[in-house]
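Take a look at the letters that make up each chain.
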Amino acid sequence: MPLTILLPSRRHALVCLLFALASALHANEWRHELSLEHSQFAQPGVDGQRSGHTSAAWQGEWWLPLDDANSLTVTPFVRADAQDSRRSHVDLREASWLHIGDGFELRSGIRQVFWGVTEGTHLVDIINQTDLVERLDGEAKLGQPMINLAFERDSQQWDFFVLPGFRERTFTGEDGRLRTPLVVSKDARYESSQGQQHVDFAARWQFNGEQLRLGLSGFHGTSREPELRAELDLSRLRYQGLQPVGLQAGYTPELTPYYRQITQWGLDAQYTAGDWLWKLEAISQHGGENCHQAFDAGFEYTQVGALEGPEDFGWLIEYLHDSRDQRATTPFEHDWLLGWRLSLNDPASTQLLASVIVDAEHNEQLLSLEGQRRLSDSLLLELELRAFFSPKAPQEPWAFLSQPDSQHKLRSLADDDYLRLTLRYFL
Amino acid sequence: MTLIDSQGQQASRQLRVQNLEYPEGEKSLMVFDTPRDVRGSALLSYTHPVGDDEQWLFLPAIKRVKQIGARNKSGPFMASEFAFEDIVTPFWQKFTYAGISQNELNGLACHVLERSPNDKNSGYSKQRLWIDHEHLLVRQIEYFDRRGELLKVYTADGFTQHNQQHWRPASMHMRNVQNGRQTKLEWRDYRFAQGLSDRDFSQNALLRAR
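Residues numbered from 1 in each chain as written. Chains lettered and ligands numbered in written order. Predicted model: local features only at pLDDT ≥ 70, side-chain atom pairs only at ≥ 80, totals over all residues. Heavy atoms only, no water.

Q: Please give an account of the sheet that holds strand β16 (residues 182–186) of chain B that cites residues and values.
A: Residue and element names in this part refer to chain B. Within the open sheet, the 9 strands sit side by side as β2-β1-β16-β15-β12-β11-β10-β9-β8. Their pairing is antiparallel. Both outer strands of the open sheet, β2 (10–12) and β8 (95–105), are each paired with one neighbouring strand and no more. Here the strands of the sheet are splayed against their neighbours by 15° on average, with no regard to which way each runs. (Pairing = 2+ DSSP bridges. Helix = DSSP H or I, 4+ residues; strand = E, 2+ residues; numbered from the N terminus. Axes fitted to C-alpha atoms, helices over the stretch in contact; angles between N-to-C directions.)

This is the structure:
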């Protein structure tokens, strides 16, 4: 027996350790979420992509409390998509160790962190990469490796982050919908010679007053948002004289994501005054010679018991601005968001959020309707409808490359109006 | 918590609550276990004797903390017949009191006290409290809506004394006499002096609630 050669005290320690681990494992807990989703598009895609897309996903959450001050959390995620192979993907949303120290918290491993207050865009939120194939609104995120040291005293919080290991944004594939006329390549390029190995740093201070919540943040490292660059094989273009006029048959170039090194300063604030929530997010971003500012500011007003019953109505207005204007990488560079929220406050927790983002200058609108209703104790039904209004039709790949239309950023999605139903089962 | 609609259909919810009394009021952290789609959601509230209460909701799916407007107090708590203002500490400073009288409730001698909420956002014009003579426990509350009509009747049962000082009910019952709906809150596993501190009710505590 190997144990017999151990000294009694060490054997005792080993037995204690095994016992502690066994009793800790006894306390571990699994939670699961299974979801089935169908997206129905109003018409086939520009490249003949199908109108109906079905997929299924699983997200597990394993939690192991080791003692009062330490715990482990692992949250794996898997999606299988019947149409788009790039949407079928696996991610570790979370795999982290939480240590609660005396006056501090140390959170190490892969985690998710959200910063921000507004509904229209999430400008300040920069720690995690967007899992864009999951959701168009940017609210699904990939797990980010980090060491996060957090302090909190009275009404102030400080968070310091070391972020080793960059995650590339996910993009839909050739057979997928909600994409540019050209597919985004999986071979990303980086400004930094360290590429994905570049270590990023971030810090945030938050003040939690009775009515004012104010956050100031800084980030230095690889931008989460890539520039999409066309890298053309000139020998595979069609020419009239010396003038390129199209792509040769069978040649479909891809867009290459290019990730810059940036420094971003962020401000987010919410002022809560009765039924009024005043919200502001603003950023200033510098990368090389490029520098731009953006903000999203507005309010949400809630009418409690609007119909003399339990229902609440909410009214949202936000203005979205990006100093790059037409050169902005987002379609919301000088847009208004108008939203209307209904909470029935019924046992099924029925909720509906209708919103429209309006670009009055170029006559583009994004209409969204998001709703959810509980069907049973462990079953939830979600509805998501989006419609894209642009005065221009989607472009063919060559037109997209040769005459980029920075005024009508929604035109690539103009044929992609969709209704998505998701059934979630929790166990 | 059991919600019962006017046809007798039931739906149940489970939650865990931690409370801390401190000089400027009371802090509470609620974590929801069922329905399962809201499992892991947490509600942190600071209630004050004077001024607006503060509330933050943690949504685990997107790791987001949202501060909620303070004036939703007259709104229903989790679709129940309890409003937010019914479940927070009723500090004496929040009411104006009318006369006191004596009456019996199910054979129990009680003081009957009328009070009106000072907050104009309250859903009530007045409340009538039935407080027993022996232990001064609130046995019943009648809630009158803004028009002065009887809206709801609250009763508390199964009081036991913990640590030889704290009386707590095992069940609370709220019956809405206008729409016929009811909510039963059944409490178990009360524990006192658990060594909780401000750190268990902070923003970081809300982020790690589960």
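Q: Could you give an account of the interface of chain B and chain A, with specific residues and numbers?
A: Tallying the contact residues gives 34 residues for chain B and 48 residues for chain A. Buried surface at the junction of chain B and chain A, both sides included, amounts to about 3,400 Å², of which 44% is carbon and sulfur. Among the residues chain B hides against chain A, the three largest losses belong to Arg64(B), Gln67(B) and Arg210(B). Together they make up 22% of the total. Summed over the shared surface of chain B and chain A, the result is 8 salt bridges. For Arg210(B), the salt bridge identified is with Glu61(A), shortest N-O distance 3.7 Å. Across the chain B-chain A interface, the total number found is 18 residue pairs in polar contact (both at pLDDT 80 or more). Those elements giving two or more residues to the side of chain B that touches chain A turn out to be β7 (64–68) and α2 (203–208) of chain B. Broken down by element, the residue count for the side of chain B that touches chain A peaks at 5 residues, all from β7(B). (Contact = heavy atoms within 4.5 Å. Buried area = accessible area lost by both parts, 1.4 Å probe. Salt bridge = Lys/Arg side-chain N within 4 Å of Asp/Glu carboxyl O. Polar contact = N/O pair within 3.5 Å; in protein donor to acceptor, adjacent residues only side chain to side chain.)

Q: Describe in detail the sheet that holds strand β11 (residues 227–230) of chain A, supporting the description with residues and values.
A: As summarised here, the arrangement of the 3 strands in space is β8-β14-β11 (chain A), forming an open sheet in which the pairing is mixed. Looking at the sheet topology across the chains shown, the edges are occupied by β8 (189–190) and β11 of chain A.

Q: With reference to specific residues and values, describe the nonpolar core.
A: Looking at soluble globular proteins, one finds that nonpolar side chains tend to be buried together. Counting residues in each nonpolar core, the largest one holds 26 residues, and the members touching the most others are Phe77(B) and Tyr154(B). When contributions to this core are tallied by element, the ones reaching two or more residues are β4 (25–34), β10 (124–132), β11 (138–145), β12 (150–157) and β15 (171–176) of chain B. Non-local contacts of Phe77(B), meaning those with residues more than four positions away in its chain, are made with Met1(B), Leu15(B), Met30(B), Phe32(B), Leu43(B), Phe82(B), Ala83(B), Phe84(B) and Ile87(B). If you look at the next biggest cluster of nonpolar residues, it comprises 14 residues, including Val124(A), Met146(A), Phe161(A) and Ala202(A). (Core = buried A, V, L, I, M, F, W, Y, C linked by side-chain atoms within 4.5 Å. Buried < 20%, exposed > 50% of the residue type's maximum accessible area, 1.4 Å probe, protein only.)

Q: An account of the confidence of the model for chain A is requested, with residue identities and associated values reported.
A: In regions of low pLDDT, the predicted coordinates are not meant to be interpreted in detail. Residue and element names in this part refer to chain A. Of the residues in chain A, 94% reach a pLDDT of 70 or more, and the chain-wide mean stands at 92. When mean pLDDT is compared element by element in chain A, strand β23 (residues 418–426) scores highest at 98, while helix α1 (residues 8–26) scores lowest at 63. Contacts for the low-pLDDT stretch residues 1–8, under 50 throughout, to residues beyond four places or in other chains number 5 contacts. (pLDDT = per-residue confidence, 0-100.)

Q: Give a description of empty space enclosed by the protein that names residues and reports values.
A: Summary: where empty space remains is shown by rolling a probe the size of a single water molecule over the atoms. Residues and elements named next belong to chain A. A full pass over the atoms with the stated rule returns 2 cavities of 30 Å³ or more. As a volume, the largest cavity reaches approximately 110 Å³. Lining the largest cavity are 13 residues, and of these Val46, Gln49, Arg179, Thr180 and Ser412 lie nearest its centre. Residues of the lining of the largest cavity, tallied by class, amount to 3 nonpolar, 5 polar and 5 charged. Every residue lining the second largest cavity is listed: Trp115, Val124, Ile126, Ser217, Gly218, Phe219, Gln264, Trp265, Gly266 and Ile283. (1 Å grid on protein atoms, 1.4 Å probe; cavity = no way out; pocket = protein on both sides within 12 Å on 5 of 7 lines; lining within 4 Å. Points joined across faces, edges and corners; volume = space filled by probe spheres on them. Nonpolar A, V, L, I, M, F, W, Y, C, P; charged D, E, K, R; others polar.)

Q: Explain the pattern of salt bridges residue by residue, including any values.
A: For the coordinates displayed, the defined rule picks out 55 salt bridges over all chains. With its nearest N and O atoms 3.8 Å apart, the salt bridge here joins Arg213(A) to Asp268(A). Linking Arg213(A) in strand β10 (residues 212–222) with Asp268(A) in strand β15 (residues 261–273), this pair joins segments that are 55 residues apart in sequence. By relative accessible area, which is 0% here, Asp268(A) ends up buried. Among the ionic pairs, Glu142(B) bridges to Arg128(B), the shortest N-O distance being 3.4 Å. Here the residue Glu142(B) occupies a position in strand β11, and Arg128(B) occupies one in strand β10, the gap between them amounting to 14 residues. Given the relative accessible area of 23%, Arg128(B) is considered partly exposed. Three or more residues are tied together by salt bridges with common partners; here these are Glu37(A), Arg79(A), Asp81(A), Arg87(A), Glu134(A) and Arg420(A).

Q: An account of the pairing of strand β19 (residues 334–343) of chain A is requested, with residue identities and associated values reported.
A: Residue and element names in this part refer to chain A. Most of β19 sits out of view: 7 of its 10 residues are buried. Judged from the 10 bridges that link them, strand β18 (residues 312–322) and β19 form a sheet pairing that is antiparallel. Residue Ile317 lies in a different strand from β19, and its bridge partner there is Leu338. The pairing of β19 with strand β20 (residues 351–359) spans 8 bridges and is classified as antiparallel. Each bridged residue has a counterpart across the sheet, and for Ser343 the counterpart in β20 is Gln351.

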